[in-house]
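Spelled out, the chains give:
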Amino acid sequence: MAGALLEVDRVSRSFGGVRAVRDVSFTLGAGELLALIGPNGAGKSTLFNMVNGQLRPDAGSIRLAGSELVGRKPREIWRLGVGRTFQIAATFSSMTVIENVQMALLSRAPRLYHLWRAAARLHREEAWALLEDVGVQGQADRPCSVLAYGDVKRVELAMALAHGPRLLLMDEPTAGMAPNERRELMALTRRLVGERGLSVLFTEHSMDVVFAYADRLVVLARGELIAQGDPQAIRRDARVQEVYFGSGKTFERARPAAAVGQEGAR
Amino acid sequence: MSEPLLQVDGLDAFYGRAHILFDVSLEVRRGEVVALMGRNGAGKSTTLKAIMGLLPGRSGRVAFRGRDVSRLEPYQVSRAGLGYVPEDRRIFTDLTVEENLEVGRQPPRSGLAAWTVEKLLDLFPNLREARARSAGRMSGGEQQMLTVARTLMGNPRLVLLDEPSEGVAPVVVEQMARMIQELKGQGVSILLSEQNLHFAELVSDRAYVLEKGHIRYSGTLEDLVADEEVRRSYLSV
Amino acid sequence: MGLQSVLVQLLNGLAGASTLFLVAAGLSLIFGVTRIVNFAHGSLYMLGIYLSYSLVSRWGGSAAGFWGGITLAALAVGLLGAAIELVVLQRIYHAPVLFQLLATFALVLIFKDAALYVWGPEDLLGPRAPGLGGSVGLLGHRFPSYSLFLIAVGPAVLGLLWLLLKRSRFGTLVRAATEDREMVGALGVNEAWLFTAVFALGASIAGLGGALQLPVEPANLGLDFSAIGDAFVVVVVGGLGSIPGAYLAALLISEIKALCIGIGDVTLLGTTFSLSRLTLVVEFLVMAAVLVARPWGLLGRAQAPARNAAEIEPPLRPADPWLKRLGWSALLVLLIFPILGREYPYVQVLAVDMLVAALFAVSLHFVMGPGAMHSFGHAAYFGLGAYCAALGVKLLALPMGAAMLLAPVAAGLGALVFGWFCVRLSGVYLAMLTLAFAQIVWALAYQWDGLTGGSNGLVGVWPSPFFASKTAYYYLALVVCVVGVLLLRRLLFSPFGYALRAGRDSPLRADAIGIDVKRVQWAAFVVAGMMGGVAGALYVFSKGSISPEGLGVGRSIDGLVMVLLGGIQTLSGPLVGSVVYTWLQDTIARNTEYWRAMLGLIILALVVLFPQGIAGWVRQRIVPEEGT
Ligand SMILES: Nc1ncnc2c1ncn2[C@@H]1O[C@H](COP(=O)(O)OP(=O)(O)OP(=O)(O)O)[C@@H](O)[C@H]1O
Ligand SMILES: Nc1ncnc2c1ncn2[C@@H]1O[C@H](COP(=O)(O)OP(=O)(O)OP(=O)(O)O)[C@@H](O)[C@H]1O
Ligand SMILES: [Mg+2]
Ligand SMILES: [Mg+2]
């Protein structure tokens, strides 16, 4: 595929006897939002960690715009233009919100070994603009540790965007958020993708989010890729329904609860 | 059957100097599944922790089976028959799956069928494959299942269940729903903290809605689902 | 020497390994569960010997009397352990890890003086073990039967402990509590009791180890420190929390030691080198080597960070007006102080001590606080600075100013080398490796007679005439100290300081935004080392001499105590801590024979009263917390 930004090619990884990811290949185009879904233990996080360099694949290749990522450190992959957010948002708790973003900008500059000027005065405008982008400028000077979780996630997003990445990796971006916050965060992501021409690879268990915002889905089960395609096709896929969606009643409008009650009591 | 199993009266809770819960009162009757709903940061987890005795800063009355447990240590509360499933899993990563279950084991309680490791592995088949693996090597969702199973090993009469549907696949959410139904069938009561209205609707009889540490609503699930106003102002659904 | 005597030395090594293991096993167990680095563990061992001495000498030389005395001593130490846990540790489980360390350090001081009070300063040698007093012929040498018995004790205790931990419910609970104590409680386990039990068990093993040494080694007041040093090394080499690892490490270390003694002098390339002199540092060399190759010890695993409600540090803000005013007034007082102090010259000496301590503590805080690298060997850089400045004067005949400049260079170079290894580790492992390097520096200073003057050190290192008066030197120290402190403070506010804190707050996130955390930490290590060196140089010219004692473990610990006492989360903490601690030490030492116990009690009281350190406590009262 010529226009692909990220190419994952026959990647495998096992832990001892557990084959967490087997021979998985897919591509991600520029400007695309690709969701990686699958049952628990399917290997999503493992695959994810291989893309961002925290884990090394046993076999296979992962290329970003043609250059090989396998064997590089997370830091180097970051320099190549990959940003990421974590499932449990990770920010610097002893800094204010804006300082968190400034930190990312200082690292991009790179200015980490400057010893004299006060860090809090550097890159402040740019950091402010990023905070405005994600809508937390109102909290800029509060300690990051007192923010509501939804806002922490936004700060994290601003940090991940600071170096102008081409690819954004988001591991369960909406975990631990309320339904409308989820939608807001994903709508924000969608908008940023449009404005900045980013591509996004994310894992997610929240189906409303996946169906509403993903351009394409890749489904893993027991380490293998079992389906990929647009949301409609995946929704209809019998195999995916069986191993992943189930009856769909926990994320779609519920049928009369009594029916489930009987099923549950068996 | 008139006396509630769990009765919380005027519960206030603090983290350090931050006042989080204000005069929270709720009750759970025998065999009932009650959902505690609310946005992020509304205080759901805090309520469960406070009931369990895990917060040093709290005041108010918590009665379980008619006995005041609000001054007890968490282990005493647990021995009284209250099980707690934390939202952040907190499995023992260095221990195997089976050893994790062993930590939760408590003697059977009168009037309740006792859980065994085998029964629990039937309930969560994913765990069976991993029973001798160290728990830290399991995926997020598998760990979530283990947390629930571990608490059930204590044969609780009432389970405080903090967002069991979080971070697990839809099929597993359904599995959790079935498990809740099954527990209910056995006479175990559940206080469930949940943001997913679909899920709450599937399993619970009644709901309380928390907002900024205050109880804003209580009623049946049907009423809650029908009440657009409450849903919009406090649940953001 | 012959092969046979080497073999006998190896057997000796086996017996030594058992003893080492007994002290280390309990320490490892206690650390594994409570995550408390129990400094007082060596004291428990020491009390084991003393108690068994008293019991056995009262009950006479019968077999029942002897073994009964040993057993009872071990049990008594176990009980004491339980008491310590109940009275002291239970109050501070929620305090930061280092605070707990401080508390156990206070216990060391208290127990030492208690032993001094009860048993006096003389060495006490116990009787031989009835029935095992003789020796057996082995490979043509006489080998004491008691040593054979000791050889068997280690593996026996190892086996029992292993069974207990892996095969019993108690063991499973213990391992679970190691990871998440609160959760174990929420599952219905009385975890407070569990902790007390573990502490008592660990203590009684140490007590047993001590008691069994009765026929071998005289009871003396230095045993606490030597035992704890050895035990730390063994536990770390073996892997924290790993009991089999502890045995393996004990074996490795005591065999290597035995060989060094056995082989004695070796001649290599024409120079004769005494291996037996290496015994002082051999364990630290082994530890450094092991940790570099295996960062979690021989059988250890990467520790899942224990859940502890670590206090979140508030953002760094430029000093409040009130703090600024306080700072300026303090400086003013310091400037005019010699005028008041003229009548009490001693006060000026003390003031210089305080300034030196302050600079030392602040430099240590730089790596400990923002860097989260808990150095137990900061004295190494102090010592490198002091010795090099002194050598600059004595050997190179440099003027004082140039010699003083030599100090940060030398200390910085040392930190550059040691730091490279240290930043690869974290937590207790890092702490122990810093300690190992400090011990190596200490041993160099102690044994390289030709250059360092050996145990006497270097004397007659006086300031240049211009600074010869107490007052002049005071002003010099004041200027250097103030400049140093302000410099470090400035660094904290710079991008470099921010990057350092970022690596501490969330290494995961720091790495994900391209910060090379290890490198930043390394740089911080060097900066702190340099500043420590400057403190050393100030010290040596104020005292006129430096000896190995000046860079021993004691100084590293003093630094830790100062930082913690003041509060690790505030920048002013180490300043307050160093002043208070130096003053306390001085005042008490002049007023009572049992100054250690007094100091220990005061530290304990402070730990219980000010769990965030003194400055942290003050800040909490004054600065309003941002509400959520
Ligand atoms: N370090 C490890 N050692 C051994 N097995 C592992 C390790 N990490 C993951 N696994 C196993 O690999 C499989 C895939 O795990 P992974 O974390 O990638 O799943 P996942 O798709 O992210 O699941 P979830 O949605 O539940 O987070 C699981 O069976 C897991 O138990
Ligand atoms: N350890 C803590 N220290 C200080 N404040 C806390 C702490 N934990 C939670 N809070 C605050 O308490 C409030 C209630 O939190 P709680 O975790 O109970 O919410 P919740 O309803 O469970 O939300 P979620 O859906 O995110 O789990 C929030 O404002 C949160 O910021
Ligand atoms: Mg995952
Ligand atoms: Mg919660």
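If you're wondering where the values come from, they're calculated on a predicted model, not measured in any experiment. (Residues numbered from 1 in each chain as written. Chains lettered and ligands numbered in written order. Predicted model: local features only at pLDDT ≥ 70, side-chain atom pairs only at ≥ 80, totals over all residues. Heavy atoms only, no water.)

**Focus on the interface of chain A and chain B**
Across the boundary between the two partners, chain A contributes 39 residues, which contact 31 residues of chain B. In this assembly, chain A packs against chain B so that about 2600 Å² is buried in total across both faces, 51% of it on carbon and sulfur atoms. The interface formed by chain A and chain B holds 2 salt bridges in total. Residue Glu129 of chain B pairs with Arg222 of chain A through a salt bridge whose shortest N-O separation is 3.1 Å. For the pair chain A and chain B, the interface holds 4 residue pairs in polar contact (both at pLDDT 80 or more). Residue assignment for the side of chain A that touches chain B shows that the elements contributing at least two residues are α6 (179-196), α9 (238-245) and α10 (257-265) of chain A. In terms of residue class, the side of chain A that touches chain B is built from 15 nonpolar, 13 polar and 11 charged. (Contact = heavy atoms within 4.5 Å. Buried area = accessible area lost by both parts, 1.4 Å probe. Salt bridge = Lys/Arg side-chain N within 4 Å of Asp/Glu carboxyl O. Polar contact = N/O pair within 3.5 Å; in protein donor to acceptor, adjacent residues only side chain to side chain. Helix = DSSP H or I, 4+ residues; strand = E, 2+ residues; numbered from the N terminus. Nonpolar A, V, L, I, M, F, W, Y, C, P; charged D, E, K, R; others polar.)

**Some remarks on the environment of Thr71 of chain C**
Residue and element names in this part refer to chain C. One can find Thr71 in helix α3 (residues 63-92). With 379 residues separating them in the primary sequence, Thr71 and Gly450 have C-alpha atoms 49 Å apart. Reaching out from Thr71, the side chain makes a polar contact with the backbone oxygen of Trp67 at a distance of 2.6 Å.

**Details of the confidence of the model for chain C**
All names here are of chain C. Mean pLDDT over chain C works out to 87, with 96% of the residues at or above the 70 mark. Element-level mean pLDDT values for chain C span from 70 in strand β4 (residues 271-274) up to 96 in helix α21 (residues 517-543). What the predictor reports for the complex is a pTM of 0.83 with an ipTM of 0.92. (pLDDT = per-residue confidence, 0-100.)

**What about the nonpolar core?**
One finds Met103 of chain A, Leu6, Met179 and Leu191 of chain B together with Phe21 and Ile515 of chain C to be the most contacted residues of the largest nonpolar core, which totals 342 residues. Two domains share this core, each providing at least three of its residues, namely domain 1 (3-120 + 157-293) and domain 2 (319-622) of chain C. Every residue in contact with Phe21 of chain C, bar those within four places of it in the chain, is listed here: Gly154, Val157, Leu158, Ile243, Ala246, Tyr247 and Ala250 of chain C. (Core = buried A, V, L, I, M, F, W, Y, C linked by side-chain atoms within 4.5 Å. Buried < 20%, exposed > 50% of the residue type's maximum accessible area, 1.4 Å probe, protein only. Domains from an automatic or database assignment.)

**Let's talk about the pattern of salt bridges**
All told, the structure shown has 35 salt bridges over all chains when counted by the stated rule. Here Asp511 of chain C ties to Arg75 of chain A by a salt bridge, and the two come within 3.6 Å at their closest N and O atoms. Here Asp511 of chain C is found in helix α20 (residues 507-512), whereas its partner Arg75 of chain A is found in helix α2 (residues 74-79) on a different chain. The closest approach of N and O atoms between Arg504 of chain C and Asp505 of chain C, which form a salt bridge, is 3.2 Å.

**Things to note about the domain arrangement of chain C**
Note: interface size is frequently given as the accessible area lost on complex formation between the parts. Residue and element names in this part refer to chain C. Considered domain by domain, chain C is made up of domain 1 (3-120 + 157-293) and domain 2 (319-622). For domain 1 versus domain 2, the separation of C-alpha centres amounts to 30 Å. At the interface, 34 residues of domain 1 touch 40 residues of domain 2. Taken over both partners, the interface formed by domain 1 and domain 2 buries close to 3300 Å², and the fraction arising from carbon and sulfur atoms is 84%. Across the domain 1-domain 2 interface, the total number found is 1 salt bridge. Where domain 1 touches domain 2, the interface holds 2 residue pairs in polar contact (both at pLDDT 80 or more).

**Brief notes about empty space enclosed by the protein**
Per the stated rule, a full pass over the model turns up 7 cavities of 30 Å³ or more. Size it by volume and the largest cavity reaches roughly 100 Å³. If you trace the largest cavity, you find it lined by Asn52, Gln54, Pro74, Ile77, Trp78, Val82, Gly83, Arg84 and Phe86 of chain A together with Leu508, Asp511 and Ala512 of chain C. Counting residues per element, the ones that place at least two in the lining of the largest cavity are α2 and β6 (82-85) of chain A together with α20 of chain C. Classifying every residue of the lining of the largest cavity gives 7 nonpolar, 3 polar and 2 charged. (1 Å grid on protein atoms, 1.4 Å probe; cavity = no way out; pocket = protein on both sides within 12 Å on 5 of 7 lines; lining within 4 Å. Points joined across faces, edges and corners; volume = space filled by probe spheres on them.)

**Overview of the coordination of the magnesium ion (ligand 4)**
Residues and elements named next belong to chain B. Donor atoms from the polypeptide that coordinate the magnesium ion (ligand 4) comprise Ser45 (OG) and Glu87 (OE), at 1.8 to 2.5 Å from the metal. One end of the pair, Ser45, is in helix α1 (residues 44-52); the other, Glu87, is in the loop between β6 (82-85) and α3 (97-104), with 42 residues separating them in the sequence. On the basis of relative accessible area, Glu87 is assigned to the partly exposed category, the value being 36%. (Donors = N, O, S within 2.8 Å, 3.2 Å for Na, K, Ca; no water.)

**Description of the confidence of the model for chain A**
Residues and elements named next belong to chain A. A residue-level look at chain A finds 93% of positions with pLDDT of 70 or above and a mean pLDDT of 86. The secondary-structure element of chain A with the lowest mean pLDDT is α10, recorded at 37, while strand β4 (residues 59-64) shows the highest, at 95. The low-confidence segment residues 253-266 (pLDDT under 50) makes 17 contacts with residues lying over four places distant or belonging to another chain.

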